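One-letter residues, chain by chain:
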Amino acid sequence: MKKMRISKKNLIALAGALAIYFLVSGLLSLGMISKFQEINLMLLGINIILAVSLNLIVGVTGQLALGHAGFMAIGAYVSAIFTMYLDKPFLLAIILGALAAALAGIIIGLPTLRLKGDYLAIATLGFGEIIRGITINIDYIGGAAGMIGIPRQTNWPYLFVMVVFTIVVIVNFLNSTHGRACVAIRENEIAAETMGINTTYYKVLAFAMGAFFAGIGGALYAHYFYLIQPTTFTFLRSFDILVMVVLGGLGSMTGSIIAAAGITIVNAALQDLAVLRMVIYAVLLIVVMVFRPQGLMGTKEFTLNRWVKKRGEVSESAGN
Amino acid sequence: MNLLETKDLTISFGGLTAVANVNLNLKKGELAGLIGPNGAGKTTIFNLLTGVYRPTSGDIRFENKSIVGLKPYQITQRAIARTFQNIRLFNELSVLDNIRIAYHWHSNYSVLSSILRLGAFHKGEKEIRKRSEKLLEIFNLSRYRDEKACNLPYGEQRRLEIARALAAKPKLLLLDEPAAGMNPQETRDLMDLINWVRQEFNLTILLIEHDMTLVMGICEHIYVLDYGQVIAEGKPEDIRNNERVIEAYLGRGGER
Amino acid sequence: MAGFLQQLINGLSLGSIYALIALGYTMVYGIILLINFAHGDILMVGAYIAFYAVVYLKLNIWWAFIIAMAGSSLLGIIIERVAYKPLRNAPRLAALITAIGMSLFLENGGLMVLGSNLRSYPRGLIENNNLTISLLGLDVTVTTLQLLILLITIAMMIFLQYIVRYTKTGKAMRAVSYDKDAARLMGINVDNTISFTFAIGSAFASVAGILLGLYYNTIQPLMGLMPGLKAFVAAVIGGIGSIPGAMVGGFALGIFETMVAGYWSSKLRDPIVFLLLILILLIKPAGLLGKNDTEKV
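(A) Structural detail: a positive patch on the surface. Residues and elements named next belong to chain C. Judged by side-chain charge, Arg165, Lys168, Lys171 and Arg174 come together as a positively charged surface patch. Element by element, the count of residues in the positive patch is highest for helix α6 (residues 168–178), at 3 residues. You can see Arg174 is positioned in helix α6.

Below you can see the structure in the form of structure tokens.
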């Protein structure tokens, strides 16, 4: 039965997610996670959100955008304005921050997504710098000094729910005719258009969705670290996120998750060697592009299906 | 009734007029050919018909409505599909996905229902999958279903491209040199295939081809293009004996 | 009015430096269609080579220029051979990401090896006097350094025009940028031509780097970042792939930026430059002097 198959697969995923959630909650309440580990746990979740959302734009739809930090900044600032200045609830602030980022995504995407490849990269990079330039120039949000004293409201439950929300929405989108339309644009834009796909619509949609989740990432970031500054969101941060996406594999969501987690952990381990770490990433980026341009996971996903199939427990063919 | 009409279709690039005052009339169900020496403007006409280029002047009417100024995807949605001279498959995707993408604009579930996995999503996906697999079966491509498109043999890639175009459910199918790079046996099979899909899918077909066996063998009406202009049109036997056509292809005898 | 002329002169000096950097971007883009993100960082390496040549080898500034140009050219060639050449037929995305990786590598490698502290060239390395000249009856101040920057830039541009137009290598460069395969069939060594292009572009960048170091009186490992981006903007404004375009774009951007900073707000300078970039991309993506081309279907 179709219904049965779906619920069985989802059940495993659900059980796994809940196990992670309660395990970490338990460790936190028992005080077995140090402050340092907690900070990195938060960063790990935020990085997963950022990498998965950028992957939708760069990996899936094939549009090299270098302005992800800009969307993150919008989410961070807008949400912080709502909690800090206007005393609104955190959840509402997250949503508004994300919507503001998505709106910016549409505004910047509509004109620039006509541009191809490297022109788009440069335009989006320029856009990120414009956002940063604007934040420096607005005194209401602290100018160059930034906003200090944002309430710390990001906690493990919020983080966990947002990470799961991001992954579920993007993966479900991906495995639909709409997601395939985005992939078609990456593979061959001209052929995609002659197959009746409104390429502009899907490019802007992917851009807006990616920006939306980057906005969530920014909001979570702002409400954990008290402080946001224009220098928090330079294009070097966009590059950081890009490194995760590329190493994980362009188009592979599981790859992005693994890479985001791995890089966050390595960052934490090498935190005293920040510069060396960046050199290593840079070399990795080049080596991966030269020898395995599809990234570590390629476009492949690590799926429960495959795992279960390997065990021979389920012999279903998705076609039945 | 004419399915497709062009009236004085013209396009210039800078000072160069690539297509000048071309009038095509395709009856419903017709199989017509567009031939001419290299650089005569054949593919340019396809690009005009599919909205890749916008004509400088003239009109294109499909089912009695002008389609000038529509974007390529809108023209596909009016039921005109095409293949490309240089195959443009989604190389890294599976054969099945190539077909499923072409069904995209017939799918009718929303982004929201795909994110929330509503009933419409499951119904729509099942439908797309069923149709795609059926099409693969018809084209005898089922055994390649999960193969990457770029790993298919050349002839099969051409067939996949035609299958993909048909998945968009066109009324008019434009084939740009479908037999390019095929050996005589493959070309004969292709001729059978074209004839067959035309019957089976109730199609009107316009094809560009250099292979005269194919053109003369299956086309009912032929347009000959030279320097952007139609220099002759008619039944295959008329074209075969037309002096201007012979001249265009072989040059004038006295000038040698 | 005197203020305006003064800004114009300052803009011209900055613009000269942008133009020198932009030339490298545009030549590389013209020949292999790649935005060489690492170009700005080659500039930094050039500036440091000159610094060490002057401070430790006690050479004069002219020898420093020559050594820096040679060193940067070599670096440019190595970067192309190691990182870009294997990806010449790969998707553009892969090559672009590699270029970003190379940029990150040079920046962070620079931070690691050279340290993050600011350095400056020794005082008196070149004579730098204020000259008061009268232009249109108005007195404006020009430093000898500004004159030197302008002169060097103009000399290098003439040199480049000569190479591209009248030498065999220049012809090969034009041929390769037009059609690699046809050039190869004509017996042109495409790989060497591309290496040569990188070498020239990098040499120009190193000159720009030294001039920047002299002009702002500091050098540091991230010094190439912003000027690199700005020069890329200049190349786009002029029409990427076009050598005269890069010169015009460089001067135009330098003057524009100085005017924005001088008459409006120095804090708004960078955002406005990037806004200008986006506008140009949208309105005239081929730039002022570039040629439009669309993908063949």
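(B) Examining the interface of chain A and chain C more closely. Facing the 42 residues of chain A at the interface are 42 residues of chain C. For the pair chain A and chain C, the summed buried surface comes to about 3700 Å²; carbon and sulfur atoms form 83% of the total. The largest per-residue losses of area from chain A upon contact with chain C belong to Asp118, Tyr119 and Ile122 of chain A, which jointly make up 17% of the total buried on that side. Summed over the shared surface of chain A and chain C, the number is 0 salt bridges. On inspection of chain A and its partner chain C, the count reaches 1 residue pair in polar contact (both at pLDDT 80 or more). Every element with two or more residues in the side of chain A that touches chain C is listed here: α4 (90–112), α5 (117–137), α10 (235–248) and α12 (274–291) of chain A.

(C) Region of interest: helix α8 (residues 190–216) of chain C. Residue and element names in this part refer to chain C. With 27 residues, α8 extends 39 Å from end C-alpha to end C-alpha; this agrees with the ideal 39 Å at 1.5 Å per step. Most of α8 is tucked away, with 22 of its 27 residues classed as buried. Taken from the residues just after α8, Asn217 is the one with a positive phi, measuring 65°.

(D) Representation of the confidence of the model for chain A. Averaged over all residues, the pLDDT of chain A is 87; the fraction at 70 or higher stands at 91%. Counting contacts from residues 308–320 of chain A, a segment whose pLDDT is below 50, to residues more than four positions away or on other chains yields 12 contacts.

(E) Spatial organisation of the packing of helix α2 (residues 35–60) of chain A against helix α9 (residues 199–222) of chain A. Residues and elements named next belong to chain A. Closest axis-to-axis distance for the α2/α9 pair is 8 Å, and the angle between their directions is 170°. Viewed along their axes, α2 and α9 adopt a mutual orientation that is roughly antiparallel. The segment α2 lies against α9, with Leu43, Ile46, Ile49, Leu50, Ser53, Leu56 and Ile57 engaging Ala206, Phe207, Met209, Gly210, Ala211, Phe213, Ala214, Ile216, Gly217, Leu220 and Tyr221. Across the contact of α2 with α9, the residue classes break down as 15 nonpolar, 3 polar and no charged.

(F) Summary view of the sheet that holds strand β7 (residues 80–82) of chain B. Residue and element names in this part refer to chain B. Within the open sheet, the 6 strands sit side by side as β7-β8-β9-β4-β10-β11. Their pairing is mixed. Each edge of the open sheet carries a strand with a single partner, namely β7 and β11 (229–234). On average, adjacent strands in this sheet sit at an angle of 20° to one another, irrespective of strand direction. As paired elements, strand β4 (residues 31–35) and strand β10 (residues 221–226) share 4 bridges and run parallel to each other. Paired with Leu34 across the bridge in β10 is Tyr223.

(G) The arrangement of the interface of chain B and chain A in detail. Residue-level contacts link 33 residues of chain B with 32 residues of chain A. Interface area, chain B with chain A, both sides summed: about 2800 Å², of which 63% is carbon and sulfur. If you sort the residues of chain B by the area they bury against chain A, Tyr73, His104 and Ile115 of chain B come out on top, with a joint share of 22%. The interface formed by chain B and chain A holds 1 salt bridge in total. A salt bridge links Arg180 of chain A to Glu125 of chain B, with the nearest nitrogen and oxygen atoms 3.0 Å apart. Here chain B and chain A share 15 residue pairs in polar contact (both at pLDDT 80 or more) between them. Every element with two or more residues in the side of chain B that touches chain A is listed here: α2 (72–77), α3 (95–102), α4 (111–115), α5 (119–138) and α6 (154–167) of chain B.

Scoring rules and cut-offs
- Residues numbered from 1 in each chain as written.
- Chains lettered and ligands numbered in written order.
- Predicted model: local features only at pLDDT ≥ 70, side-chain atom pairs only at ≥ 80, totals over all residues.
- Heavy atoms only, no water.
- Patch = residues over 30% accessible without salt bridge, like charges linked within 9 Å, V, L, I, M, F, W, Y side chains within 5 Å.
- Areas by Shrake-Rupley, 256 points an atom, 1.4 Å probe, with all protein chains shown as cover.
- Salt bridge = Lys/Arg side-chain N within 4 Å of Asp/Glu carboxyl O.
- Lys, Arg positive; Asp, Glu negative; His and termini not counted.
- Charge placed at Lys NZ, Arg CZ, Asp CG, Glu CD.
- Helix = DSSP H or I, 4+ residues; strand = E, 2+ residues; numbered from the N terminus.
- Contact = heavy atoms within 4.5 Å.
- Buried area = accessible area lost by both parts, 1.4 Å probe.
- Polar contact = N/O pair within 3.5 Å; in protein donor to acceptor, adjacent residues only side chain to side chain.
- Expected span 1.5 Å × (residues − 1).
- Buried < 20%, exposed > 50% of the residue type's maximum accessible area, 1.4 Å probe, protein only.
- pLDDT = per-residue confidence, 0-100.
- Axes fitted to C-alpha atoms, helices over the stretch in contact; angles between N-to-C directions.
- Parallel < 35°, antiparallel > 145°, perpendicular 65-115°, else oblique.
- Nonpolar A, V, L, I, M, F, W, Y, C, P; charged D, E, K, R; others polar.
- Pairing = 2+ DSSP bridges.

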